[in-house]
Number of protein chains: 4
Amino acid sequence: MRTIDINCDMGESYGPWKMGHDAEVMPFITSANVACGGHAGDPNVMAKTVSLAQQFGVSVGAHPGYPDLPGFGRRALALTPDELQNMLLSQLGSLSAIAHSQAVELNHIKPHGALYNLACVDIVTARAVVSAVKAFSTALPIYCLPGSELEEEAKKQGILAVPEGFVDRAYEPNGLLADRNTPDAVANDPEWAAKQALQLAMGSVQARNGVTIQLRVDTLCIHGDTPGAPLFAKTVSDALTKAGFALAAPRHG
Amino acid sequence: MRTIDINCDMGESYGPWKMGHDAEVMPFITSANVACGGHAGDPNVMAKTVSLAQQFGVSVGAHPGYPDLPGFGRRALALTPDELQNMLLSQLGSLSAIAHSQAVELNHIKPHGALYNLACVDIVTARAVVSAVKAFSTALPIYCLPGSELEEEAKKQGILAVPEGFVDRAYEPNGLLADRNTPDAVANDPEWAAKQALQLAMGSVQARNGVTIQLRVDTLCIHGDTPGAPLFAKTVSDALTKAGFALAAPRHG
Amino acid sequence: MRTIDINCDMGESYGPWKMGHDAEVMPFITSANVACGGHAGDPNVMAKTVSLAQQFGVSVGAHPGYPDLPGFGRRALALTPDELQNMLLSQLGSLSAIAHSQAVELNHIKPHGALYNLACVDIVTARAVVSAVKAFSTALPIYCLPGSELEEEAKKQGILAVPEGFVDRAYEPNGLLADRNTPDAVANDPEWAAKQALQLAMGSVQARNGVTIQLRVDTLCIHGDTPGAPLFAKTVSDALTKAGFALAAPRHG
Amino acid sequence: MRTIDINCDMGESYGPWKMGHDAEVMPFITSANVACGGHAGDPNVMAKTVSLAQQFGVSVGAHPGYPDLPGFGRRALALTPDELQNMLLSQLGSLSAIAHSQAVELNHIKPHGALYNLACVDIVTARAVVSAVKAFSTALPIYCLPGSELEEEAKKQGILAVPEGFVDRAYEPNGLLADRNTPDAVANDPEWAAKQALQLAMGSVQARNGVTIQLRVDTLCIHGDTPGAPLFAKTVSDALTKAGFALAAPRHG
């Protein structure tokens with residue numbers, strides 16, 4: 001029986017402002033990418049999110065982003081590699097201490113937004129991200145796009161890279177995601193997503209042009225901030241379970 | 001040979017703004033209370049401060065404060081005990097991860113400003129501070145005013161409380177610090193401070209009314225943000241060494 | 001025909017985080033209290049909110065609060081009167097400039113949260129608020145609790161104080177609001193609120209103990225952040241209109 | 001008698017952190033570019049800086065920057081033109097309200113750091129800056145590099161562009177500033193600066209290659225954050241006065 005992980009961004013509320021549907025989505029995922037106070041989240045939100053994850057047996061990972069609340073980490077900040085590493089260590093440490101106080105240890109890291117995107121294509125950023133993760137713990141896997149600079153750099157530095165697939169995004173024949181502005185780049189239909197989830201879990205995906213390509217992924221990303229997210233998560237989760245997949249986070253260390 | 005610790009607040013710069021004389025004072029102290037990004041400090045300042053401390057063999061402690069940069073942690077924020085604990089864990093985790101990346105482990109914690117003052121007199125705050133420290137690590141001593149609620153609560157929870165004396169502050173006959181607005185409450189003369197440091201190191205202090213009282217302290221606080229701080233630190237350090245004291249941070253764990 | 005104003009807090013989103021139901025509530029109010037970036041809001045939210053208000057012919061007022069996003073301005077910050085005034089001027093200026101760029105001028109000011117509460121009972125805070133408003137413009141009315149220090153201070157300094165009633169809050173026989181923790185202190189029933197709105201508009205209110213007291217108010221506050229806020233606002237607005245009231249913001253200057 | 005303006009960045013302290021030598025430099029300048037809380041400054045610093053400027057008869061201008069305290073506005077933020085305009089209006093409004101409360105009206109605007117640099121070369125940014133200024137007041141001149149996109153756009157929109165020269169920076173033969181990394185790009189010698197100030201005031205400057213080029217500037221920028229800034233400012237000011245120049249800010253409106 002093949003094992004696959006379902007991950008979702010969590011803990012992206014801030015102070016009095018709510019975001020996402022954490023409590024409704026949590027039952028259907030196996031890894032929570034918890035915001036660390038950089039692009040979203042705060043110490044109280046982190047604590048609540050870790051507690052919620054623990055309640056549902058969901059693994060907790062760090063979801064650090066550029067420290068830019070108004071921009072939600074979606075615009076890159078011009079940080080030097082040293083600045084980027086210090087910032088990441090600070091965010092990883094924050095979440096880790098809060099999780100540790102609940103007897104939860106971090107299980108993975110997935111960079112957020114502009115940091116994820118940049119680390120996938122820019123070697124300097126990828127190197128800084130991996131170096132920060134490694135300095136924090138050599139046992140933390142990094143979720144990343146298959147074939148990205150981030151994946152390659154992680155392997156080089158001896159950090160486990162977990163290739164990630166997206167259940168609701170159209171793929172290009174080269175295995176990259178279709179640009180968000182392309183028509184039908186983002187799927188809103190849970191059934192469509194469940195079908196793609198199954199394909200990805202079995203090692204391939206049908207690209208936009210109809211051609212099926214091989215793509216090995218070990219975790220599937222669900223988006224949690226749309227109104228239909230809970231149904232979405234449930235549909236994907238049910239389809240995978242029904243098809244005989246074991247749902248579980250990657251084991252680290 | 002009696003051992004005494006000299007501690008000083010460090011790493012209170014922020015982004016482009018400098019504060020204090022860290023490099024000039026570091027050679028004369030044994031414990032650095034490093035700001036954790038709450039009332040001051042940022043990930044880069046933390047990294048530089050830890051590195052500087054390591055260079056001079058100075059122990060690194062956390063100096064968390066209310067998360068209020070413009071107010072520099074000098075005004076209390078109305079946080080619930082849970083909020084206070086989460087905030088403290090977040091700050092301790094940040095500094096700890098940055099220190100750990102330089103192979104430095106935290107050796108103590110000293111709350112900053114309004115948080116220190118409140119935790120010394122308010123049992124609810126004291127309890128939240130000690131609980132957060134304990135949740136982070138049972139091996140971290142807390143620096144605190146002798147006879148304070150913070151000291152008592154630490155003892156209750158099984159955390160080492162390190163009683164702290166102030167070399168440049170006048171004492172009342174009851175062992176408390178004279179109010180800052182009292183004439184001569186704060187000493188600017190390094191020689192005066194050195195003399196009081198010696199007295200404190202030997203277990204007593206002459207109160208404002210001339211009476212000498214017993215006061216056991218294991219660490220002496222030096223202020224680092226005045227123009228004369230480096231000379232101040234040197235004078236105190238030299239006097240203690242000359243009198244035969246070994247200067248060293250408390251051993252934890 | 002008597003004229004009455006309906007005011008509601010608006011523009012309390014922040015960056016990517018949404019709050020309230022501004023677009024749905026706006027059609028039913030006459031004055032928008034727009035957050036100024038202190039406790040909530042940001043330049044883009046302010047610009048959108050002013051534009052929305054203008055679209056519905058709603059007067060724009062400033063809704064400044066303690067500069068504390070995570071606390072949403074609900075906890076008092078220990079600011080000196082000078083600091084409070086400078087902070088208020090900064091927030092008033094921000095919103096005013098953004099409004100002015102859309103040919104909208106501010107019509108009133110209503111302090112938010114802890115600042116409103118404190119200014120109603122603390123003369124030092126009331127004086128600083130009124131002084132800041134007066135330094136900004138002598139033509140801006142201040143919305144405030146009838147009989148409060150804020151109202152009195154406004155009158156003293158020659159600033160128009162607009163007494164405010166709350167349609168969904170129970171009153172004590174002395175004309176003050178029942179504590180939020182009292183049972184039935186906050187009404188969730190739009191019809192109940194509409195009935196109280198009518199009473200208030202006519203100059204009285206039935207207190208919790210059943211006694212009807214005289215209370216002159218010129219503006220009625222609607223809460224906009226509950227799920228039922230739009231229906232709530234519509235019900236109150238319709239009831240007032242049906243009863244022959246003209247709905248309009250107070251004229252200033 | 002030709003009139004020339006000397007401008008300097010001011011009010012770049014933040015909360016408890018000091019920057020610059022405002023009180024020592026203010027006597028020798030005629031225009032203060034006051035930080036507006038974006039890259040530096042806060043409401044209290046703004047109020048103190050306006051007061052200091054007023055005391056020395058110095059004109060007050062706004063010095064808005066990217067809202068990024070840790071980065072001090074020296075790194076560009078990816079803002080849309082609308083976001084940039086709203087942000088600028090917010091900052092202009094803040095300073096303006098604080099100045100107005102002291103009976104001081106803004107006399108000019110000079111963008112800070114990365115915003116200045118980008119607006120000089122990027123037409124989209126230049127257009128957003130000028131549009132924001134124009135929406136705020138058609139009477140506010142913009143200080144800018146001669147020949148820049150910012151200057152051109154200001155002229156197009158009917159806003160007065162005041163060409164600015166730099167007394168301590170080497171020029172290229174094309175009239176642009178030598179890159180900061182070029183040897184001798186930045187002068188530390190007050191006499192050198194005074195000599196270049198005189199040249200610039202008379203309409204030319206000797207470029208790095210020794211060739212003298214024509215360059216019309218109406219304001220000269222002094223840097224205020226180096227230890228020698230007060231002497232620097234005095235030397236330049238004295239040289240201009242001695243040579244018969246009247247020192248005064250540009251008249252607006």
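Attention in this report is confined to the structure presented alongside it. (Residues numbered from 1 in each chain as written. Chains lettered and ligands numbered in written order. Predicted model: local features only at pLDDT ≥ 70, side-chain atom pairs only at ≥ 80, totals over all residues. Heavy atoms only, no water.)

### What to know about the overall build of chain A
- In terms of regular secondary structure, chain A is built from eight helices and 10 strands.
- Relative to the globule expectation of 18 Å for 253 residues, the C-alpha radius of gyration of chain A, 17 Å, shows essentially globular dimensions.
- Taken over the C-alpha atoms alone, chain A extends approximately 45 × 35 × 35 Å along its principal axes.
- Burial analysis of chain A (253 residues in total) assigns 61% to the buried set.
- In chain A, the share of contacts with a sequence separation of at least 24, taken over all contacts with a separation of at least 6, comes to 73%.
- The average position of the 18 basic charges and that of the 25 acidic charges among the side chains of chain A differ by 4 Å. (Helix = DSSP H or I, 4+ residues; strand = E, 2+ residues; numbered from the N terminus. Rg over C-alpha atoms; globule rule 2.2 N^0.38 Å. Buried < 20%, exposed > 50% of the residue type's maximum accessible area, 1.4 Å probe, protein only. Contact = heavy atoms within 4.5 Å. Lys, Arg positive; Asp, Glu negative; His and termini not counted. Charge placed at Lys NZ, Arg CZ, Asp CG, Glu CD.)

### Considering the environment of A:Ile222
Residues and elements named next belong to chain A.
- The residue Ile222 is located in strand E9 (residues 219-222) in this model.
- Residue class for Ile222 comes out buried when judged on its relative accessible area of 1%.
- Apart from residues lying up to four places away in sequence, Ile222 is in contact with Ile6, Asn7, Cys8, Asp9, Val167, Ala233 and Val236.

### Describing the relation of the copies chain D and chain B
- You can overlay chain D on chain B at an RMSD of 0.0 Å; the transform is a turn of 180° with a shift of 0.1 Å along its axis. When the rotation and shift are considered jointly, the pair of chain copies conforms to a two-fold rotation axis. Scanning chain D for the C-alpha nearest the rotation axis identifies D:Trp17, at a separation of 3.0 Å.
- The residues that chain D uses at the interface reappear at the interface of chain B in 100% of cases, marking a shared surface. (Least-squares fit on C-alpha atoms with pLDDT ≥ 70 in both.)

### With respect to the interface of chain D and chain B
- Chain D puts 13 residues into the contact, and the matching count from chain B is 13 residues.
- Interface area for chain D against chain B, summed over the two sides, is near 1,000 Å², with a carbon-plus-sulfur share of 74%.
- The three residues of chain D that bury the most area against chain B are D:Tyr14, D:Pro16 and D:Trp17, which together make up 59% of that side's buried surface.
- Summed over the shared surface of chain D and chain B, the number is zero salt bridges.
- Summed over the shared surface of chain D and chain B, the number is two residue pairs in polar contact (both at pLDDT 80 or more).
- Considered class by class, the residues forming the side of chain D that touches chain B number eight nonpolar, three polar and two charged. (Buried area = accessible area lost by both parts, 1.4 Å probe. Salt bridge = Lys/Arg side-chain N within 4 Å of Asp/Glu carboxyl O. Polar contact = N/O pair within 3.5 Å; in protein donor to acceptor, adjacent residues only side chain to side chain. Nonpolar A, V, L, I, M, F, W, Y, C, P; charged D, E, K, R; others polar.)

### Quick look at the interface of chain B and chain A
- Between chain B and chain A, the contact holds 17 residues from the first and 17 residues from the second.
- Both sides of the chain B and chain A interface together cover about 1,300 Å² of buried area, and 60% of this is carbon and sulfur.
- Scanning the region where chain B abuts chain A turns up zero salt bridges.
- In this assembly, chain B and chain A are joined by five residue pairs in polar contact (both at pLDDT 80 or more).

### Concerning the relation of the copies chain B and chain A
- Relative to chain A, chain B is turned by 180° and slid 0.0 Å along the rotation axis, the superposed coordinates differing by an RMSD of 0.0 Å.
- Of the residues that chain B buries at the interface, 100% are likewise interface residues in chain A, meaning the two copies contact each other through the same surface.

### Considering the packing of helix H7 (residues 190-201) of chain D against helix H8 (residues 229-242) of chain D
Residue and element names in this part refer to chain D.
- Viewed as axis vectors pointing N to C, H7 and H8 meet at an angle of 40°, and their least axial separation amounts to 9 Å. Relative to H8, H7 is oriented oblique. Considering only the axes of H7 and H8, their crossing is right-handed. Side by side, H7 and H8 meet where Pro190, Glu191, Ala193, Ala194, Ala197, Leu198 and Ala201 of the first sit next to Leu231, Phe232, Thr235, Val236, Ala239 and Leu240 of the second. (Axes fitted to C-alpha atoms, helices over the stretch in contact; angles between N-to-C directions. Parallel < 35°, antiparallel > 145°, perpendicular 65-115°, else oblique. Left-handed = near helix turned anticlockwise from the far one by under 90°.)

### Quick notes on the pairing of strand E9 (residues 219-222) of chain B
All names here are of chain B.
- On E9, burial covers both faces: Thr219 and Cys221 on one face and Leu220 and Ile222 on the other are all buried.
- Inspection of the sheet shows strand E1 (residues 3-10) paired to E9 by four bridges, in the parallel sense. When the bridges of E9 are listed, Asn7 appears paired with Cys221.
- With three bridges joining them, strand E6 (residues 161-166) and E9 adopt parallel strand pairing. Across the sheet, the residue bridging to Gly165 is Leu220, located in E9. (Pairing = 2+ DSSP bridges.)

### Some details on unusual backbone geometry
- Here A:Ala103, not a glycine, exhibits a phi torsion of approximately 65°, which is positive.
- Under the relative-accessibility criterion, A:Ala103 is labelled exposed at 66%.

### Some points on the pattern of salt bridges
All names here are of chain B.
- Counted by the stated rule, this structure contains 32 salt bridges over all chains.
- Two residues, Lys234 and Asp238, come together in a salt bridge whose shortest N-O distance is 2.6 Å. Here Lys234 and its partner Asp238 are both found in helix H8 (residues 229-242), four residues apart, which amounts to about one turn of the helix.
- On the basis of relative accessibility, which here comes to 36%, the residue Lys234 falls in the partly exposed class.

### Focus on the packing of helix H3 (residues 81-100) of chain C against helix H5 (residues 123-136) of chain C
All names here are of chain C.
- Between H3 and H5, whose axes approach to 9 Å, the crossing angle comes to 40°. When the axes of H3 and H5 are compared, the pair comes out oblique. Judged by the twist between their axes, the crossing of H3 over H5 is right-handed. Two secondary-structure elements touch here, H3 through Pro81, Leu84, Gln85, Leu88, Leu89, Leu92, Gly93 and Ser96 and H5 through Val124, Thr125, Ala128, Val129, Ser131, Ala132, Val133, Ala135 and Phe136.
- Looking at the contact of H3 with H5, its residues break down into 12 nonpolar, five polar and no charged.

### Here's the deal with the packing of aromatic side chains
- Per the stated rule, a full pass over the model turns up 12 aromatic pairs over all chains.
- Their ring planes at 35° and their centres at 5.5 Å tell us that A:Trp17 and C:Tyr14 sit as a pair that is tilted. A residue pair is termed interchain when its members come from two chains, as with A:Trp17 in the loop between strand E1 (3-10) and helix H1 (22-25) and C:Tyr14 in the loop between strand E1 (3-10) and helix H1 (22-25). Each member of the pair, A:Trp17 together with C:Tyr14, is buried. (Phe/Tyr/Trp six-rings, centres within 6.5 Å; stacked < 30°, edge-to-face > 60°.)

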